[in-house]
Amino acid sequence: MTQLNVTFDTPVCTVKVFATKVGISERTIERMVDEGRIPILPKKIKGERTLINLIALSQSALDLYQPPKPRGPRGRSQAA
């Protein structure tokens, strides 16, 4: 069984910081949030800053992770 370790310096980050870390534009990140592909903390006040929930995002990625299947030895053709 494969074991993965994930560590965070913080459990959440802003769209701007996340976009910088993953190399995607802020607009693309916002679109992915709107589509539900990136989890955020619930907002309690209109206009509140969007915070990406890194814990939930990592758990989702881990749930989708499938370790590579072991490969058997390759058969070699033998010259007669």
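Every value quoted in this text rests on a predicted model; they were computed, and no experiment measured them.

## Focus on the overall build of the protein
Reasoning step 1: Check the secondary structure of the protein and you find 3 helices and 2 strands.
Reasoning step 2: Along the protein, helices and strands appear, N-terminal first, in the series β-α-α-β-α.
Reasoning step 3: Scaling as 2.2 N^0.38, a compact globule of 80 residues should have a C-alpha radius of gyration of about 12 Å, whereas the protein reaches 20 Å, well beyond that.
Reasoning step 4: On the principal axes, the C-alpha backbone points of the protein span a range of 75 × 25 × 20 Å.
Reasoning step 5: Within the protein, the proportion of its 80 residues that are buried is 18%.
Reasoning step 6: Taking contacts inside the protein between residues at least 6 apart in sequence as the whole, the part at least 24 apart equals 50%.
Reasoning step 7: If you sum the accessible surface of the protein, you get close to 7100 Å²; carbon and sulfur atoms cover 53% of it.
Reasoning step 8: Side-chain charges of the protein comprise 13 positive and 7 negative groups, with the mean position of each set lying 9 Å from the other.

## Topic: the environment of Val15
Reasoning step 1: Within the element layout of this structure, Val15 appears in helix H1 (residues 15-22).
Reasoning step 2: A relative accessible area of 9% places Val15 in the buried class.
Reasoning step 3: The spatial distance from the C-alpha of Val15 to the C-alpha of Glu35 is 15 Å, given a sequence separation of 20 residues.
Reasoning step 4: Once residues lying within four places of it in the same chain are set aside, the contact partners of Val15 are Glu26, Ile29, Glu30, Thr50 and Ile52.

## Concerning the nonpolar core
Reasoning step 1: Counting 10 residues, the largest nonpolar core is built from Cys13, Val15, Phe18, Ala19, Ile29, Met32, Val33, Ile38, Ile52 and Leu54.
Reasoning step 2: For this core, the secondary structure elements donating two or more residues are H1 and helix H2 (26-34).
Reasoning step 3: Not counting chain neighbours up to four residues away, the residues in contact with Ile38 comprise Phe18, Ile29, Met32, Val33 and Ile52.

## Considerations on the side chain of Thr14
Reasoning step 1: Within the secondary structure, Thr14 sits in strand S1 (residues 12-14).
Reasoning step 2: Using a relative accessible area of 18% as the deciding quantity, one classes Thr14 as buried.
Reasoning step 3: Among the polar contacts listed, one links the side chain of Thr14 to the backbone nitrogen of Val17, at a separation of 3.2 Å.
Reasoning step 4: Those residues in contact with Thr14 that sit more than four places away from it in its chain are Arg49, Thr50, Leu51 and Ile52.

## Here's the deal with the side chain of Thr50
Reasoning step 1: As for its placement among the helices and strands, Thr50 is situated in the loop between H2 and strand S2 (51-53).
Reasoning step 2: At 2.9 Å, the side chain of Thr50 forms a polar contact with the side chain of Lys43.
Reasoning step 3: Among residues more than four places away in sequence, those in contact with Thr50 are Cys13, Thr14, Val15, Ile40 and Lys43.

Cut-offs and rules
- Residues numbered from 1 in each chain as written.
- Predicted model: local features only at pLDDT ≥ 70, side-chain atom pairs only at ≥ 80, totals over all residues.
- Heavy atoms only, no water.
- Helix = DSSP H or I, 4+ residues; strand = E, 2+ residues; numbered from the N terminus.
- Rg over C-alpha atoms; globule rule 2.2 N^0.38 Å.
- Buried < 20%, exposed > 50% of the residue type's maximum accessible area, 1.4 Å probe, protein only.
- Contact = heavy atoms within 4.5 Å.
- Areas by Shrake-Rupley, 256 points an atom, 1.4 Å probe, with all protein chains shown as cover.
- Lys, Arg positive; Asp, Glu negative; His and termini not counted.
- Charge placed at Lys NZ, Arg CZ, Asp CG, Glu CD.
- Core = buried A, V, L, I, M, F, W, Y, C linked by side-chain atoms within 4.5 Å.
- Polar contact = N/O pair within 3.5 Å; in protein donor to acceptor, adjacent residues only side chain to side chain.

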